[in-house]
Each structure stands twice: as structure tokens, then as C-alpha cells.
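As a plain string of letters, each chain reads:
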Amino acid sequence: MDRWSPSVELTAKEELLLKRLTRVRPLFGFLRVHRRELFDDVFQDRLELMYRATGAGEPPVAPALLCMVVLLQGYVGASDAEAVELAVVDLRWQMVLGCLGAEAPAFSQGALQDFRERMVAHDMDRVLLDRTVELVRSGSMTKREGAGLSKALRAAMDSRPLVGAGRVEDTINLLGHIARSLVQLVEKLTGMPAKDICKKAKTPLLLASSIKAGLDIDWSDVKQKAAAIEVVERQVSSLQTWVERHLDDVVSRPLQPYIDAITQVRAQDLEVTKDGRVCIREGVAPDRRVSVEDPEMRHGRKSRSKRFNGYKEHIARDLDSAAIVACAVTPANHPEEEAAVPIAADILRQGLHLVELHIDRAYVNSPVVDDVYAAGGQVFAKPWGVRARRPDLFTKRDFKIDPQTQTVTCPAGEVEPFDPGETVEFDPEVCGACPLRANCTQATSGRGRTISMVQDEAMQARFRKLQQTPSGRRLLRERTAVEHSLAHIAARKGTHARYRGVRKNEFDLRRAATIQNLEAIHRELREAA
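About the cut-offs
Residues numbered from 1 in each chain as written. Predicted model: local features only at pLDDT ≥ 70, side-chain atom pairs only at ≥ 80, totals over all residues. Heavy atoms only, no water. Pairing = 2+ DSSP bridges. Helix = DSSP H or I, 4+ residues; strand = E, 2+ residues; numbered from the N terminus. Axes fitted to C-alpha atoms, helices over the stretch in contact; angles between N-to-C directions. Salt bridge = Lys/Arg side-chain N within 4 Å of Asp/Glu carboxyl O. Buried < 20%, exposed > 50% of the residue type's maximum accessible area, 1.4 Å probe, protein only. Contact = heavy atoms within 4.5 Å. Expected span 1.5 Å × (residues − 1). 1 Å grid on protein atoms, 1.4 Å probe; cavity = no way out; pocket = protein on both sides within 12 Å on 5 of 7 lines; lining within 4 Å. Points joined across faces, edges and corners; volume = space filled by probe spheres on them. Nonpolar A, V, L, I, M, F, W, Y, C, P; charged D, E, K, R; others polar.

**Student:** Explanation requested: the sheet that holds strand β11 (residues 415-417) in the structure shown.
**Tutor:** As a general point, the strands of a sheet are linked pairwise by backbone hydrogen bonds and lie either parallel or antiparallel. Pairing within the open sheet is antiparallel, and its three strands lie in the order β9-β10-β11. The strands lining the two open edges of the sheet, one partner per strand, are β9 (400-402) and β11. In this sheet, adjacent strand axes meet at a mean angle of 20° when their direction is disregarded. Relative to strand β10 (residues 407-409), β9 is paired through three bridges, and the arrangement is antiparallel. Looking across to β10, one finds that D402 is bridged to T407.

**Student:** How should the pattern of salt bridges be read in this particular structure?
**Tutor:** A pair can form between side chains of opposite charge whenever their charged atoms are brought close. This model, assessed by the stated rule, comprises 42 salt bridges. With a closest N to O distance of 2.4 Å, R3 and D45 form a salt bridge. Residue R3 is located in the segment before α1 (12-20), and its partner D45 is located in helix α3 (residues 41-48); the two are separated by 42 residues in the primary sequence. Notably, a salt bridge pairs D123 with R510, separated by 3.2 Å at the nearest N-O pair. Of this pair, D123 sits in the loop between α7 (109-121) and α8 (124-138) while R510 sits in helix α21 (residues 502-528), and the two are 387 residues apart along the sequence.

**Student:** Would you explain the environment of M119 in this entry?
**Tutor:** Topologically, M119 is positioned in helix α7. Taking the relative accessible area as the measure of exposure, M119 reaches 1% and is therefore buried. It is 43 Å that separates the C-alpha atoms of M119 and D196, two residues lying 77 residues apart in sequence. Not counting the four nearest positions on each side in its chain, M119 is found in contact with M50, C67, V70, M124, D125, L128, R503 and F507.

**Student:** I would appreciate a short explanation of helix α2 (residues 27-38) in the present structure.
**Tutor:** Structurally, the α-helix is built with 3.6 residues per turn, so residues lying three or four positions apart point the same way. The terminal C-alpha atoms of α2 lie 13 Å apart, and with twelve residues this falls more than 12% below the ideal 16 Å at 1.5 Å per residue. The buried fraction of α2 is high, at nine of twelve residues. Among the residues of α2, those classed as buried are L27, F28, G29, F30, L31, R32, H34, R35 and L38. The inward-facing, buried residues of α2 contact α1, α3, α4 (63-76), α6 (91-97), α8 and α21.

**Student:** Looking at this model, I keep getting lost on empty space enclosed by the protein. Mind explaining?
**Tutor:** Where empty space is left in the structure can be found by rolling a water-sized probe over the atoms. Evaluated as defined, the whole model comprises two cavities of 30 Å³ or more. Of the voids in this model, the largest cavity is the one considered here, and its volume is about 150 Å³. A class-by-class count of the residues in the lining of the largest cavity yields eleven nonpolar, one polar and four charged. Within this model, the second largest cavity holds a volume of roughly 40 Å³. Lining the second largest cavity, in full, are G176, T203, L205, L206, I211, V232, Q235 and V236. Among the residues making up the lining of the second largest cavity, the classes are represented as five nonpolar, three polar and no charged.

This is how it looks when you write it as C-alpha cells:
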């Protein structure tokens, strides 16, 4: 296998190009100058392990060169086809790839796609990110004295919504889309025309331009809509039965994902009434599939009012440098706390240990928080709000909460025990006679003031104490650094996913984080110059 060994010395034409790459797309110049440092022999050895040395077939394109292409592709937002063309028509690409003046591309679209799939399969996108984290934290490229950081890590964690690449559909269109895809695949495998398949399977709806056009009903009529659901379900079930009865195992095996999808949508969206009718299920299934093309994207919320369909991107940023140290992607309906576990595992894999963790409160229930405390570290987060229903009423902050004795004392001095996660109600008789009642509660006569105690009340008490001092508020504001990093990722990648599925979108996020880390090194070099 040929190894990528681009020259270190600059040609006259490269020097001319570098002079122009100071304001617009300056990372091209950085990558040209430092490509040998980034792709050293040790890292190239790791890349080459993705390939088997069988001696059969054409020798692959140098993996390090394709890895650089992947970075350039993420930097400019190019597709695979565009990347191939840019390697021929863009002097900046040619300079970085070491093929300045070439009239043919150094790689093909298929080779690039194959390399990306190998990176995902071998987790090399994580290794590449780790490589840039090491370069940022060690200061080896900037060569600044004392630039290296210790293995103790102060990190901040946050997330952002990512709209999925799959089309979101309602129940009727989901079933229709799956059924159409099933018919198309049967046609491809058997050579039987789609018209004959639909006729034999008794699914005439699939011959219409769309499922809803084939139904041709008044969708504002509740009865007609209910009847349409039964028609669609009956015909889709008829197609499933026909496939299972008339196609052998060899042919039906590739069809199984679509059969499973039909079963999944039927289970999550439909139910049978007592009189045997099929209807739309009340409510939304907890893990409802929303797309045929991307089976992993889900309904989600970033806030109470902001809904989206797709994924959540999570990053952890080093607060003592500009490095993004780890990333994760989860379906949109998964709580943020789940992503903290793989992020912490990636941090640990790099030989770093968390001594400070600055997080959004959505991550507070993660086991990573307990691990940081157990190791003697500190956790910082904005506490839950303690606003009263009326501005002139006492808030939770006016009550003295003692997590050790698990007691809460009201402003009038009454004490009640509490259990974390429960709501405490003070004695109604005492509250009724209390001179401070008008400033404490709007509860009806015979009811006392209530206080909700969260499960992590002791931790929330620490956060509230921080919020009350200038030094504590300064510590809580440190988390804004990760918000800025997320904003840069959003500006680079946009709001919509480039790929389908959790793993491929995680690859894309790690690539964006890698590029940002390289830009951080470049900024340090320019500041030091």
C-alpha cells in the first residue's frame, strides 16, 4: 500500500497561494504547512490498519490522502462528487493534497465513500478527533513554552437539535411509503412488474400517484378518514401476507426490514377497537418511528415550545483550551443525560480525567455527575428556577432546606421533614393561622403551603448557593464557551443532518469538531506570530 508522503518544502506557486489564504478559507494554508505533522507515520499506521493486505485487487488510494479529503470536504461542505471535481479545478485543494497542477483527480467518488465507511466501521473518526485534541492540549504545533496541559480536564457539555434527513410522515403515508418500497424491491428481485404484484397482492392503492390520491376522500370528514385508515391497513396487510406466502426465503430475506417496519408502525400507531375496527391509537408512542428513510430519527423537544424531528448533537469542550474533546449523537427523544456516558468514556480513553464538569441542567441526572463527585471533582450547573406564582410571594429560596437532616423550614420557622423527589405540604392548621400566609401561599382554606423537593435537592442547593455570589455566577458563566463551540458547529453544518442514522451523523459531528480543533491551533499560531 502506497503511503501519502507529500513534500514539506513550499514551491513558488504554493508560496503565492499561501499569501492569498490569510482571510478567506485560511485553514487551507494551515493544512498545507502542517499536513505532515497531522498525518505522521504513527497516525498513518492506524489508518492503514483499516485495510487488509491480501494482495488482491487494485491497491487502495493512500488512506492519509483520503482522510485529508474528508477534512476538506467537511471544511467547505462539499458532496463526494464535488470533492472529486474540486481536487481537479480548485488550486487550494490541489495544494493541500500535494497534486498541484494535476489534470485528473487523485481519487474516485467510490474510493471516498468506501474510505468513509471504513472510518465509521473502525471508529477512526474518533481517533482523528483524539489526534487533534492531543495537538491542541500539548501545544506541540504552536511550540509555546509551557503550552501543554495536564491530564486533569475542566470540561463543559451541551447539546443542540439536529433535524433529521429522513422525510417525516403521518401513519397513512408511513404505511404507504413502506408498502411502495416493498413492491419496488420485489419487482427488482423477481422481475415481476409492479402492476402485477399489486394486482396479485390486492393492493390497488399502490398503483395511484400517491396513497392519499388513491383514497380520494374528504379528509375533513371524520368517518371517511377512519374508513381510510382501515382500507390502508387492510391492503398493506394483504401485501405482507402475499410476500410471506409466495416468495421463498432467499428472495424474502432482503424484504425483512420492510416487513419489520410495517409491524413496527402498526404496533405504534394503530389499535383494534372492541368491535374489531382498526383505528389510530390515542397519544404518541414513546419511541415512535417517524420516517421510512431514516428509522433512527425521532420526535424531540429542545424546550417546552420548540419541537423537532431528528437527533441531538452533544459535545464536550475543554475550558482551558479551545478543544472539543468528545462528541455524541442521540435520537431526539433520548434525554441529554444518556449522551454524557459515551462522552465521558471517550474522555477517559484519551487518558484525561474530569475534575470539573460544567453542564446544562438536563445532564444533572447522568451517572457521570456522580462519578465526578466520587473522584473528588466539582460539577457546576444552573439550578432549577424557584419563581413563585406571584412576585410578592415567598419563593423556594426563602425556605431553609437542610439536605443532611432532610428538613425544610419556612420563613415563619415551621419545620417539615421531606424525602427527595416528593412534595412537602406544611400543616394546614399552622399555615391558616400564620401571619405571613398572605405572602406565602394562595392555597384555599384548609390547605398548607407546598414545596416540591427534587430528587437531587442537595445538588440543587449547592447550585443555588453559587448563583447568589459574584464568584459563583462567574463560575456558572464558564459554560458559555461550549455554547459558542456549538454555535460554530451549527454555522458550519447547518440545522439539518447530512446523513441518515445515529452513527453516520456522529461521524459528521466528529469531523466538524476536528476541523474546529485545527482552526483553534491555527488561531494560536497566528496570535503567537
